[in-house]
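Next come the chains, spelled out residue by residue.
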Amino acid sequence: MIFTDTHTHLYYEQDAEKRVQLLERCFENSVNRLFLPNVDINSIAMIDDLVSNYPENCFAMAGLHPCDVRDDYEIVLREIYDSIAPRKIYAIGEIGIDLYWDKSTLAIQQDAFHKQISWAKALGLPIVIHCREAFDEVFEVLESERDEKLRGIFHCFTGNVAQAKKAIDLNFYLGIGGVLTYKKAGLDLVLNEIALADLVLETDSPYLAPVPFRGKPNESSYLIYIAQKLADIYGVSVEEVATVTTENSKRIFGI
């Protein structure tokens, strides 16, 4: 049984000993594949360090998080893009639109989103979308970019059934994380209308820890709690959840 965490900021842990312990707990719980979304220039080196130490388990992305899109975003984007050629990356992410913190940057967030989608298409890579309080705005961009090359993951999906089906129709898998285990989230009701074949697992660690760790730092080893909740919803074994979601991740990332 192999689990895949399609979205973890494991590299934020810079204490070497603690990081080793995090990885050991992952492997003990069969979480053997970890995909690392980039957020800004500084995280590139942190991701590369983790990948170099765990090349069979950790896989890099490149992208500018929408909350880090500021006035100098075009300069930052060029630097992130220039970092791609000498490295092996498996997605452009995490990218998208976030209107929770600052609505005033919408125009430049949209431009950065479009630019990074063009990278993904040119490189034949999927995108990993961050969408917070911005489904309409994200879908507007995706509809304008819709073609056979557009594909990827809606990270931390928390939308309704109609939004889920629209994302799937646009050739995206839904990234399901710890929110699924929250009693009042309602995501379990949405998934009653969605096939397991359209999902991938993620933690977004160190954020959004699942029950019974809600409110504490998250880690990728906790993926098993999300998988168990999915198994309960779909009436299948945890092993089947691991198999289906890991196969989906292989289709997306090509590894």
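Note that the coordinates shown come from a computational prediction; the quantities given were computed from them, not determined experimentally.

Caption draft 1: Highlighting helix α3 (residues 73-84). Look at α3: 17 Å from first C-alpha to last across 12 residues, which is about the 16 Å you get at 1.5 Å a residue. Buried within α3 are the following residues: Tyr73, Val76, Leu77, Ile80, Ser83 and Ile84. The buried residues of α3 all sit within an arc of 120° when viewed along its axis, so they share a single face. Exposed side chains of α3 directed beyond 90 degrees from the buried face belong to Ile75, Arg78 and Asp82. Along its buried surface, α3 packs onto α2 (42-53), β3 (58-62), β4 (89-98) and α4 (106-123).

Caption draft 2: A look at the packing of aromatic side chains. Considering all chains together, one arrives at 18 aromatic pairs under this definition. Measuring from ring centre to ring centre gives 6.1 Å for Phe135 and Phe154, while their planes differ by 10°; the resulting arrangement is stacked. Of this pair, Phe135 sits in helix α5 (residues 135-145) while Phe154 sits in strand β6 (residues 152-154), placing them 19 residues apart in sequence. Each of the two residues, Phe135 as well as Phe154, counts as buried. Each ring, one from Phe135 and one from Phe157, has its centre 5.7 Å from the other, and the planes form 70°; the classification is edge-to-face. Here Phe135 is found in helix α5, whereas its partner Phe157 is found in the loop between β6 and α6 (161-169), with 22 residues between them in sequence. Each member of the pair, Phe135 together with Phe157, is buried. One cation-aromatic arrangement involves Arg132 over Tyr100; the distance from NZ or CZ to the ring centre is 3.6 Å. We note Arg214 situated over the ring of Tyr182; from NZ or CZ to the ring centre the distance is 3.7 Å.

Caption draft 3: Layout of the pairing of β3. With respect to burial, β3 is a largely interior element, 5 of its 5 residues being buried. By the bridge criterion, 3 bridges tie strand β2 (residues 31-36) to β3 in an arrangement that is parallel. The residue of β3 that forms the bridge with Phe35 is Phe59. Strand direction decides the pairing type here: β3 and β4, joined by 2 bridges, are parallel.

Caption draft 4: Quick look at the state of the cysteines. If you walk through the whole model with that rule in mind, you get 0 disulfides. For Cys131, which is in no disulfide, the shortest distance to another cysteine sulfur is to Cys156 and amounts to 9.9 Å. The class of Cys131 is buried, set by a relative accessible area of 12%.

Cut-offs applied
Numbering of residues starts from 1 in each chain and follows the order in which that chain's sequence is written. In view of the model being predicted, local features appear only for residues whose pLDDT reaches at least 70, and side-chain atom pairs are presented and counted only at 80 or more, with totals across whole chains, interfaces and linings using the full set of residues. Note that water and hydrogens are dropped before the side-chain values are worked out from all heavy atoms of the structure. Comment: elements are numbered from the N terminus, with helices defined as DSSP H or I runs of at least four residues and strands as E runs of at least two. Each residue after the first adds 1.5 Å to the expected span of a helix. For each residue, the accessible area found with a 1.4 Å probe, counting protein chains only, is set against the maximum for its type, and the residue is called buried under 20%, exposed over 50%, and partly exposed in between. By construction, the arc corresponds to the directions joining the helix axis to the C-beta atoms. By definition, residues are in contact when any of their heavy atoms lie within 4.5 Å. Within 6.5 Å between ring centres, the rings of Phe, Tyr and Trp (the latter by its six-membered ring) count as paired, and their orientation is classed by plane angle as stacked under 30 degrees, edge-to-face over 60, tilted in between. In this scheme, Lys NZ or Arg CZ marks a charge over a ring once it lies within 6 Å of the ring centre and within 35 degrees of the ring normal. Paired strands are those between which DSSP finds at least two bridges. Sulfur atoms of two cysteines make up a disulfide when they are within 2.5 Å.

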